[in-house]
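Reading the structure
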Amino acid sequence: MELDSLYQEVILDHYRSPHHKGLSDDKDIQVHHNNPSCGDEITLNLKVQEGKVSDISWDGVGCSISMASASVMSDLLIGKTFREANVIFEAFMELMQSKGRSDGDESLLEDGVAFAGVSKFPARIKCALLSWMAFKDAAIQVME
Ligand code: ZN
């Protein structure tokens, strides 16, 4: 496995120009998650309206995989119903658990398929999942 398949261009693009980075004041809940094994940290704001993920904004520090994943996750989930968001969430989980055997469903995951190579590196899976877990946590809390 070559490192360049881990750091795909699309991951580097999202890292260099992250989408939805910068915390919005308009939120229903804020969560903070970290990944001590790599030093990644994320604060995520979630806004919900009429059963939809109306906004996600985030800020954080960490490796390119963790930050790019937050960017891709925000792109994918904003505007979705929670049911749709959960389908995408599960598809990304499956991809991360595939140990490199899956290319991912591009119709669901779009730029998220760029993380397929990460699934071969157990230490980096937590980086890729950090923002997704933060979203899940925020979604569960906001439903309570
Ligand atoms: Zn990391």
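This text follows the structure it describes.
Model, not experiment: these values are computed from the prediction.

Examining the packing of aromatic side chains
All told, the structure shown has four aromatic pairs when counted by the stated rule. On the basis of an interplanar angle of 75° and a centroid distance of 5.9 Å, the ring pair of Phe 92 and Phe 115 is categorised as edge-to-face. A residue pair is termed long-range when its members are at least 10 positions apart, and Phe 92 in helix H4 (residues 82–96) and Phe 115 in the loop between helix H5 (106–109) and helix H6 (122–143) qualify at 23 residues. Taken individually, Phe 92 and Phe 115 each receive the classification buried, so the pair is uniform in this respect. The interplanar angle of 10° and the centroid separation of 4.3 Å between the aromatic rings of Phe 92 and Trp 132 together place this pair among those described as stacked. Taken together, the residues span a long stretch of sequence, with Phe 92 in helix H4 and Trp 132 in helix H6 at a distance of 40 residues. Overall, the relative accessible area of 0% leaves Phe 92 in the buried class. Residue class for Trp 132 comes out buried when judged on its relative accessible area of 0%.

A word on the nonpolar core
Counting residues in each nonpolar core, the largest one holds 43 residues, and the members touching the most others are Leu 44, Leu 46, Leu 77, Met 96, Phe 115, Trp 132 and Phe 135. Breaking this core down by element, the ones donating at least two residues are strand E1 (29–35), strand E2 (40–49), strand E3 (52–61), helix H3 (64–77), H4 and H6. No other element matches the ten residues that H6 contributes to this core. Residue contacts for Phe 115: discarding those within four places in its chain leaves Ile 11, Ile 65, Ala 68, Ser 69, Val 72, Phe 92, Met 96 and Ala 128.

Topic: the sheet that holds E3
What the three strands build is an open sheet, ordered E1-E2-E3; its pairing is antiparallel. Strand pairing shows two members of the sheet lacking a second neighbour, E1 and E3, which therefore form its edges. On average, each strand axis in the sheet is inclined to that of its neighbour by 20°, with strand direction left out of account. Summarising the sheet, E1 and E2 pair through seven bridges and their orientation is antiparallel. Across the sheet, residue His 33 finds its bridge partner in E2, namely Ile 42. Strands E2 and E3 of the sheet are contacted by H3, whose axis makes an angle of about 170° with E3.

Brief notes about the coordination of the zinc ion
Within the first shell, the zinc ion binds the protein through Cys 38 (SG), Asp 40 (OD), Asp 40 (OD), Cys 63 (SG) and Cys 127 (SG), at distances of 2.2 to 2.7 Å. Donor residues binding the zinc ion come from one chain and are separated in sequence as C-x1-D-x22-C-x63-C. Of this pair, Asp 40 sits in strand E2 while Cys 63 sits in the loop between E3 and H3, and the two are 23 residues apart along the sequence.

Brief notes about unusual backbone geometry
One can expect most non-glycine residues to show negative phi and most peptide bonds to be in trans. A positive phi angle, close to 50°, is found at Glu 50, a residue other than glycine. Mapped onto the secondary structure, Glu 50 falls in the loop between E2 and E3. What makes Glu 50 exposed here is its relative accessible area of 82%.

Each value, and the rule that gives it
- Residues numbered from 1 in each chain as written.
- Predicted model: local features only at pLDDT ≥ 70, side-chain atom pairs only at ≥ 80, totals over all residues.
- Heavy atoms only, no water.
- Phe/Tyr/Trp six-rings, centres within 6.5 Å; stacked < 30°, edge-to-face > 60°.
- Helix = DSSP H or I, 4+ residues; strand = E, 2+ residues; numbered from the N terminus.
- Buried < 20%, exposed > 50% of the residue type's maximum accessible area, 1.4 Å probe, protein only.
- Core = buried A, V, L, I, M, F, W, Y, C linked by side-chain atoms within 4.5 Å.
- Contact = heavy atoms within 4.5 Å.
- Pairing = 2+ DSSP bridges.
- Axes fitted to C-alpha atoms, helices over the stretch in contact; angles between N-to-C directions.
- Donors = N, O, S within 2.8 Å, 3.2 Å for Na, K, Ca; no water.

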